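Analysis of the macromolecular model
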Amino acid sequence: AFASSKLPPSGWVTGVIELPLSNGTWQVAIKADQGDPQSGAYGVRSGLQITEAQTLGLSDIVTGREGGLPWRAPDGKDFPLNPVGGWPAKTAVPSYYEVSGLPDGARYKARILLYQGNSTKAALTLESDEQATGLRTVVRKVLGLDKVGAGSYRMVLVIEANGRRV
């Protein structure tokens, strides 16, 4: 159980489930309910590919919020999750992701783009030259929202190394 009956009316139930998956293509489904099989929520993620870190790869982006639910990330450090997916204007978005398939010391370019609505022009771009720390490189970045207005945005992460791009 993720929450007790003492959850306030405006509270959120949050939790993290980590699954040790072997190499292959997976479909992961999660169902959450309140003790009644007729209520709750159901989510499916199809085509989840787990591979050895021999080719350039990128994990999902985990976005957070200062003061959010602490999640013990695979690097052993806490990361503040944001279960509601919203941020006040002029704040910052902490992000966590992993780059795989590059040897220790390899250089790569990371680009985070923020698009408003269905726009094809980025409202904000954060670009940096990085160095891999091994076949699995943990990255933590903070994206400031002080230069964008209120609205609905989508975040895109692009990694480029040795002519390869993910």
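Summarised in this report is the structure supplied together with it. All of these numbers come straight from a predicted model, not from anything done at the bench.

Rules of the game
- Residues numbered from 1 in each chain as written.
- Predicted model: local features only at pLDDT ≥ 70, side-chain atom pairs only at ≥ 80, totals over all residues.
- Heavy atoms only, no water.
- Helix = DSSP H or I, 4+ residues; strand = E, 2+ residues; numbered from the N terminus.
- Buried < 20%, exposed > 50% of the residue type's maximum accessible area, 1.4 Å probe, protein only.
- Contact = heavy atoms within 4.5 Å.
- Core = buried A, V, L, I, M, F, W, Y, C linked by side-chain atoms within 4.5 Å.
- Pairing = 2+ DSSP bridges.
- Phe/Tyr/Trp six-rings, centres within 6.5 Å; stacked < 30°, edge-to-face > 60°.
- Salt bridge = Lys/Arg side-chain N within 4 Å of Asp/Glu carboxyl O.

Notes on the overall build of the protein chain
Assigned secondary structure in the protein chain consists of zero helices and eleven strands. Ordered by position from N to C terminus, the α and β elements of the protein chain give β-β-β-β-β-β-β-β-β-β-β. A burial count over the protein chain gives 25% of its 166 residues as buried. Once local pairs closer than 6 in sequence are excluded, the contacts in the protein chain between residues at least 24 apart make up 60%.

Looking at the nonpolar core
Core analysis: the biggest nonpolar cluster contains 19 residues, and Tyr97, Val99, Leu102, Tyr108 and Ile159 have the highest contact counts within it. Among the elements of the structure, strand 6 (92-100), strand 7 (107-116), strand 9 (136-144) and strand 10 (153-161) are those that each provide at least two residues to this core. Of the residues forming this core, the biggest block, four residues, is contributed by strand 7. In contact with Tyr97, other than residues within four places in its own chain, are Leu58, Ser59, Asp60, Ile61, Ala110, Thr137, Val138, Val139, Lys141, Leu157 and Ile159. Grouped together as the second largest cluster of nonpolar side chains are five residues, Trp71, Ala73, Leu81 and Tyr96 included.

Notes on the side chain of Thr137
Within the secondary structure layout, Thr137 lies in strand 9. Its relative accessible area of 3% is what places Thr137 among the buried residues. Contact partners of Thr137, with chain neighbours within four places excluded, come to Tyr97, Glu98, Val99, Tyr108, Gln131 and Ala132.

Side note on the pairing of strand 10
Side-chain positions along a regular strand alternate between the two faces of the sheet. Taken together, the eight bridges between strand 7 and strand 10 define a ladder with antiparallel strand orientation. The residue bridging Ile112 from the neighbouring strand is Leu157, located in strand 10. By the bridge criterion, two bridges tie strand 10 to strand 11 (residues 164-165) in an arrangement that is antiparallel. Bridging across to strand 11, Ala161 finds its partner in Arg164. Between strand 10 and strand 11, which follow one another and run antiparallel, lie two residues, and Asn162 among them has a positive phi close to 50°.

Section: the sheet that holds strand 7
Sheet architecture is open: four strands sit in the order 8-7-10-11, paired in antiparallel fashion. The two strands at the open ends of the sheet, each matched to only one other strand, are strand 8 (124-131) and strand 11.

Some remarks on the packing of aromatic side chains
Summed over the entire model, instances satisfying the criterion amount to three aromatic pairs. Aromatic pair Trp71 and Tyr96: ring centres 5.4 Å apart, planes at 85°, arrangement edge-to-face. Placement of the pair is Trp71 in strand 4 (residues 62-72) and Tyr96 in strand 6, with a sequence separation of 25 residues. An aromatic cluster is defined as three or more aromatic residues linked by ring pairs; in this entry it consists of Trp71, Phe79 and Tyr96.

Examining the pattern of salt bridges
Scanning the entire structure with this criterion turns up nine salt bridges. A salt bridge links Arg111 to Glu160; its shortest N-O distance comes to 3.3 Å. Of the two residues, Arg111 sits in strand 7 while Glu160 sits in strand 10, which places them 49 residues apart along the sequence. Its relative accessible area of 27% is what places Glu160 among the partly exposed residues. Within the structure, one salt-bridge network assembled from shared partners comprises Lys109, Arg111, Glu127, Asp129 and Glu160.

By themselves, these observations are geometric and do not establish any function.
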